[in-house]
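# Geometric and topological summary
Below are the chains, spelled out letter by letter.
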Amino acid sequence: MTRRDAAAALHRSLSRFVAHEEAEITLSLVAAKARQHGALGCPDLASAVRACRGHGDHWPRVLEIHAASVVRGFGSDRLIGNLLIDVYAKNGLLQWARQVFEGLSVRDHVSWVAMLSGYAQNGLGIEAFRLFRQMHRAAVVPTPYVLSSVLSACTKAELFAQGRLVHAQVYKQGFCSETFVGNALIALYLRYGSFKLADRVFSDMPFCDRVTFNTLISGHAQCEHGERALEIFDEMQLSGLRPDCVTVASLLAACANVGDLQKGKQLHAYLLKAGMSVDYITEGSLLDLYVKCGDIETAHEIFNSGDRTNVVLWNLMLVAYGQISDLAKSFEIFCQMQAAGIRPNQFTYPCILRTCTCSGHIELGEQIHSLSIKTGFESDMYVSGVLIDMYAKYGWLDKAHRVLEMLGKKDVVSWTSMIAGYVQHDLCEEALATFKEMQDCGIWPDNIGLASAASACAGIKAMRQGLQIHARVYVSGYSADVSIWNTLVNLYARCGRSEEAFSLFRAIEHKDEITWNGLISGFGQSGLYEEALKVFKQMGQTGARYNVFTFVSSISASANMADIKQGKQVHCRAIKTGHTSETEVSNALISLYGKCGSIEDAKMEFSEMSERNEVSWNTIITSCSQHGRGLEALDLFGQMKKEGLKPNDVTFIGVLAACSHVGLVEEGLSHFKSMSNEYGVTPIPDHYACVVDILGRAGQLDRARKFVEEMPMAADAMVWRTLLSACKVHKNIEIGELAAKHLLELEPHDSASYVLLSNAYAVTGKWSNRDHVRKLMRDRGVKKEPGRSWIEVKSAVHAFFAGDRLHPLADQIYSFLADLNDRIAKIGYKQDNYHLFHEKEQEQRDPTSFVHSEKLAVAFGLMSLPPCMPLRVIKNLRVCNDCHNWMKFTSDVTGREIVLRDVHRFHHFTNGSCSCGDFW
């Protein structure tokens, strides 16, 4: 045998061993040939490179072969170069691969595909696309394999615009019929979320293989388009292709997403019948199906028979018991997992932490947090995001912020959880500051972040920032997101921008309950109560479904207008739709009837409730207190405690007000002390003002002053105003001047402060001091709020001022009033309006100017309303002594019930007496 024949035989042996991936034998033969014959040819070196592919421990030999090829003059050879590019690229050494690529004397399609595939496999989509453009400039016609590689690179790097350009090249080169190119296009559009384009590519493909169907089914299943995924599976079966494990796993995910347990069970049966080997992905998909469909028992059976070393299965079982809020079982699984030596991953902790969050066991969540620190997962963004959400939801915002600060790399989820937490607890300024900080860090907000930021703007009526966020919504491409539009509608409505709110509202094509509720609650919170009720009416006319929030917002709007008629209409609608069984709706109804002066209806609604919470008790206690039923309020407070409900700060405001209105000084002080001593409630200025009111109404002004001076905080305007009001009633000008001094320092432009001081001087006969206060008001540009009263007659609200002559029936009203005054004078009424004016002023003033607005409203009501209807009057100021006395006599003479709501409370006048017991 000649030397050439021997070399050829050895080369054939090399090629055979490479085909069988006998790397060690191949490399040994190469070495033997080098020893026997000296020089190695290009085919020999190529065989050696092939032998090293996929063998990470042969890197030294790859480098030796690469070096040998360069030394022997084959460094620019295309055969060896293509193989080296492929080896380097597959192992992530892209710089070396590119160096070999650039050194090739001639590049063929294999060279370009190897380099492009290397970039694609390593997630360097931009570099792959740049290389493709270089190839295009070099006038190299791309093959289907090249286009497929570039499309895969664009998909992985989410370069969707570039992918569309490559798609154009596919059309241009006529490769649309190539199945693997079509598969790459489908994967691109599915990742982009353009399901219509993906389906269009699919329908245009002349031949589809299993990869085509699997890609489509998986893409739709991952995006929770379960029904479409199942439709594609039907097409796959009609085409004669049999599903494999990948198909079944994706279909199981689709069934889980749409809750089709029956179809999922059929796939499970098919899997067993076809004898397919169940890998960890299929096993996980099966478990996920039964978990999401609520069949926890079957899920547990699969878990027990499955691969117990698979952490994914453990995580799914944690999700299963978390889904039914079974924290005990979930924690048991977590403990078993640790006992079995299964190391938790970044998804394990969020599974158990979410269950802690849903069940309210924040302390256990803290312990899991500690464990995540020990195992090194605290810095994981996914774990930290769930921790922030857990702490934020329960008001532990300092801890939530600390977790955020500890994160080295913060993602949009972490920031958004923190922002949402602030908004949830009405810390809107902090939420907007965090939103700005997130943007300063270069994080682009998602739809949830934008919605939360818009909610924060609505919470503090920050319209300017809201407009900026509205603009960002368009820039970020979320202009079609209904959740953001709903929030923006609420923002404009809460800021009183009704036209913009309605404009946005009309632009939403598919309105849901949240859309309607956002508009109703927004108008209600901005004081546009009539608009809120109009929207409620429109909602019913369109056939939209009401929910709890609809009724609560609408009833609250009626309550704030003191419109009992419209409130009862909403109540009737709630009864028809079965929403009166909801605690929140009943609470709103109690508040409605309490604010509209119908305390009996409020009490009836409370008594009919099947379940009561703290808000229920607080509302009825406050209502009774405001209606002069202090003893009933205190009795309800006792019942509340017996039922095991802990009173809060709102409860004590109602209780203290009740003590004030019935003159229970010592009991009121006892309740005040019990706040911190027994219930751990720290008093706020409102509670101190209530105590001052208790002492002031009882005439214990020295004690009230001492109490104010000993407050642990600086007294606010409410406290000093309460003290000044008591001084005016009891004619104690010394303490009154002290209170006025502090009050005018705190609120120099509040007219009520000046009026109280002026009246205090007037009732004590200090006219020069009174005149000085009035001059001070004029000099400072402070205008007294005029007294005004309202009464509804025949669905129209009539407003009156003191001495008002503007009403169309003014003459009849004054005539009726004169006759009424004669009648009540005969049973002992004497007008007492002159104590605020000295004799000269009384002579100069028109007598009608002493007729206060509430008298005119009552006279008009007596003229206009049927005898069976009570008169409901609202006044914007505190009712004076004379009008209070006048209404008692009027109720006696006419036999009518008069309900007067002044700025402080309700007065029910019947048969010559008032519900306040003349103690107001």
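Residues numbered from 1 in each chain as written. Predicted model: local features only at pLDDT ≥ 70, side-chain atom pairs only at ≥ 80, totals over all residues. Heavy atoms only, no water.

Per an unreviewed UniProt entry, the recorded name for the chain is DYW domain-containing protein, and the organism is Urochloa decumbens.

Per the secondary structure count, the chain includes 50 helices and 6 strands. Looking at the chain as a whole, 49% of its 920 residues are labelled buried. For the chain, restricting intrachain contacts to residue pairs at least 6 apart in sequence, the fraction spanning at least 24 positions comes to 63%. Entry remark: accessible area of the chain is about 43400 Å², with carbon and sulfur atoms responsible for 52%. (Helix = DSSP H or I, 4+ residues; strand = E, 2+ residues; numbered from the N terminus. Buried < 20%, exposed > 50% of the residue type's maximum accessible area, 1.4 Å probe, protein only. Contact = heavy atoms within 4.5 Å. Areas by Shrake-Rupley, 256 points an atom, 1.4 Å probe, with all protein chains shown as cover.)

One non-glycine residue with positive phi stands out, namely K461, at about 55 degrees. Assessed through its relative accessible area of 44%, K461 is described here as partly exposed. In this structure, K731 takes a positive phi of about 55 degrees despite not being glycine. With respect to the element layout, K731 can be found in the loop between α43 (717-730) and α44 (733-746).

For Y761, the location among the structural elements is in helix α45 (residues 751-763). Spatially, the C-alpha atoms of Y761 and K728 are 8.0 Å apart, while their sequence positions differ by 33 residues. Y761 has contacts with I733, E737, K766, N769, R770 and V773, leaving out every residue within four places of it along the chain.

As a further point, take the packing of helix α14 (residues 226-238) against helix α15 (residues 245-258). Running from amino to carboxyl end, α14 crosses α15 at an angle of 145 degrees, the nearest separation of the two axes being 8 Å. Seen from above, α14 lies across α15 with left-handed handedness. Listed contacts from α15 to G226, E227, A229, L230, F233 and M236 of α14 are T247, L251, A254, C255 and V258. Within the contact of α14 with α15, the residues separate by chemical class into 8 nonpolar, 2 polar and 1 charged. (Axes fitted to C-alpha atoms, helices over the stretch in contact; angles between N-to-C directions. Left-handed = near helix turned anticlockwise from the far one by under 90°. Nonpolar A, V, L, I, M, F, W, Y, C, P; charged D, E, K, R; others polar.)

Among the 5 residues in strand β5 (residues 906-910), 4 count as buried, and that is most of the element. Here strand β4 (residues 898-901) runs beside β5; their pairing, made up of 4 bridges, is antiparallel. Across the sheet, V899 pairs through a bridge with H908, a residue of β5. Counting the residues that bridge the hairpin from β4 to β5 gives 4 residues. Sheet topology note: the β5/strand β6 (residues 913-914) ladder contains 2 bridges and is antiparallel. (Pairing = 2+ DSSP bridges.)

Moving on: the UniProt feature "repeat: PPR" (unreviewed entry) in the chain. Look at the UniProt record and you will see "repeat: PPR" (unreviewed entry) annotated at residues 108-142, 209-243, 310-344, 411-445, 481-511, 512-546 and 613-647. When the span residues 108-142 is considered, its composition is 74% helix and 0% strand, and the gap between its end C-alpha atoms is 10 Å. (UniProt positions renumbered as here; feature names shortened; annotations may be inferred.)

This next bit is on the side chain of T890. Within the secondary structure, T890 is located in helix α50 (residues 881-894). Overall, the relative accessible area of 0% leaves T890 in the buried class. Among residues more than four places away in sequence, those in contact with T890 are L820, I824, V858, L862, G895 and I898.

Two side chains with opposite charge may pair up if their charged atoms get near one another. Inspection of the entire model under this criterion finds 24 salt bridges. Two residues, R703 and E666, come together in a salt bridge whose shortest N-O distance is 3.0 Å. Of this pair, R703 sits in helix α42 (residues 701-709) while E666 sits in helix α40 (residues 665-678); the two residues are 37 residues apart in sequence, bridging distant segments of the chain. A salt bridge links D750 to R721, with the nearest nitrogen and oxygen atoms 3.0 Å apart. Taken together, the residues D750 in the loop between α44 and α45 and R721 in helix α43 connect sequence positions 29 residues apart. On the basis of relative accessibility, which here comes to 23%, the residue D750 falls in the partly exposed class. Look at R721 and you get partly exposed, because its relative accessible area is 23%. (Salt bridge = Lys/Arg side-chain N within 4 Å of Asp/Glu carboxyl O.)

Bringing the environment of I564 into the picture now. The topology assignment puts I564 in helix α34 (residues 564-576). Since its relative accessible area comes to 15%, I564 is described here as buried. When near neighbours in sequence (up to four residues on either side) are disregarded, I564 contacts Y593, C596, S598 and R872.

What follows covers the sheet that holds β4. Spatially, β2-β1-β3-β4-β5-β6 is the arrangement adopted by the 6 strands of the open sheet, whose pairing is mixed. Strand pairing shows two members of the sheet lacking a second neighbour, β2 (796-801) and β6, which therefore form its edges. Running over the sheet, helix α49 (residues 853-864) touches β1 (788-793), β2, β3 (871-875) and β4 and is turned about 10 degrees from β1.

It is worth spelling out the packing of aromatic side chains at this point. The geometry of an aromatic ring pair comes down to the distance between the two centres and the angle between the two planes. If you walk through the whole model with that rule in mind, you get 21 aromatic pairs. Taken together, a centroid distance of 5.2 Å and an interplanar angle of 65 degrees make the contact between F347 and Y382 edge-to-face. Highlighted residues: F347 in the loop between α20 (327-339) and α21 (348-359) and Y382 in helix α23 (residues 381-393), separated in sequence by 35 residues. The partly exposed category is assigned to Y382, whose relative accessible area is 35%. Here the aromatic residues F331, F334, Y349 and F377 are joined through ring pairs into a cluster of three or more. Positioned above the aromatic ring of W444, the side-chain terminus of R472 is 4.5 Å from the ring centre. (Phe/Tyr/Trp six-rings, centres within 6.5 Å; stacked < 30°, edge-to-face > 60°. Lys NZ or Arg CZ within 6 Å of the ring centre and 35° of its normal.)

The alternating pattern of β1 places S789, I791 and V793 on a buried face and R788, W790 and E792 on a face that is not buried. Between β1 and the antiparallel strand that follows it, β2, lie 2 residues; K794 among them carries a positive phi value of about 55 degrees. Pairing analysis gives 3 bridges linking β1 to β3, with the strands arranged antiparallel. When the bridges of β3 are listed, I791 appears paired with V873.

Our focus in this paragraph is the packing of helix α33 (residues 548-561) against α34. When two helices pack together, their arrangement is given by the angle between the helix axes and by the axis-to-axis distance. Where α33 meets α34, the closest approach of the two axes is 8 Å, and the angle between their N-to-C directions is 160 degrees. When the interaxial angle is binned, α33 and α34 end up roughly antiparallel. By crossing handedness, the relation of α33 to α34 is classed as left-handed. Mapping the contact onto sequence places F551, S554, I555 and S558 in α33 and Q566, G567, V570, R573 and A574 in α34. Grouping the amino acids of the contact of α33 with α34 by side-chain chemistry returns 4 nonpolar, 4 polar and 1 charged. (Parallel < 35°, antiparallel > 145°, perpendicular 65-115°, else oblique.)

Looking at the chain as a whole, its pLDDT mean stands at 84, while 89% of the residues score no less than 70. Note that residues 6-38 has pLDDT below 50 and, in this model, 48 contacts with residues that lie over four places away or in other chains. Predicted confidence for residues 838-844 stays below pLDDT 50, and this span has 8 contacts to residues more than four positions away or in other chains. (pLDDT = per-residue confidence, 0-100.)

Our focus in this paragraph is helix α37 (residues 614-626). In this model α37 runs 18 Å from its N-terminal to its C-terminal C-alpha over 13 residues, within 8% of the 18 Å that 1.5 Å per residue would give. Where α37 is concerned, the buried positions are S616, W617, N618, T619, I620, I621, S623, C624 and S625. Looking at the buried positions of α37, the neighbouring elements they touch are α35 (583-595), α36 (599-607), α38 (630-642) and α39 (649-662). Capping the start of α37, N613 holds a side-chain oxygen 3.1 Å from the backbone nitrogen of V615, two or three residues further along. (Expected span 1.5 Å × (residues − 1). Polar contact = N/O pair within 3.5 Å; in protein donor to acceptor, adjacent residues only side chain to side chain.)

With 223 residues, the main nonpolar core has L287, L519 and L723 as its most contacted residues. Looking at which element gives the most residues to this core, the answer is helix α19 (residues 311-323), with 8 residues. Of all hydrophobic cores here, the second largest spans 30 residues; its members include L871, C883, L900 and F909. (Core = buried A, V, L, I, M, F, W, Y, C linked by side-chain atoms within 4.5 Å.)

Next up on the list: helix α7 (residues 109-121). An ideal rise of 1.5 Å per residue puts 18 Å on 13 residues; α7 measures up with 18 Å between its terminal C-alpha atoms. All buried positions along α7 are accounted for by S111, W112, A114, M115, L116, S117, G118, Y119 and A120. Remark: G123 follows α7 within two positions and exhibits a positive phi of approximately 75 degrees.

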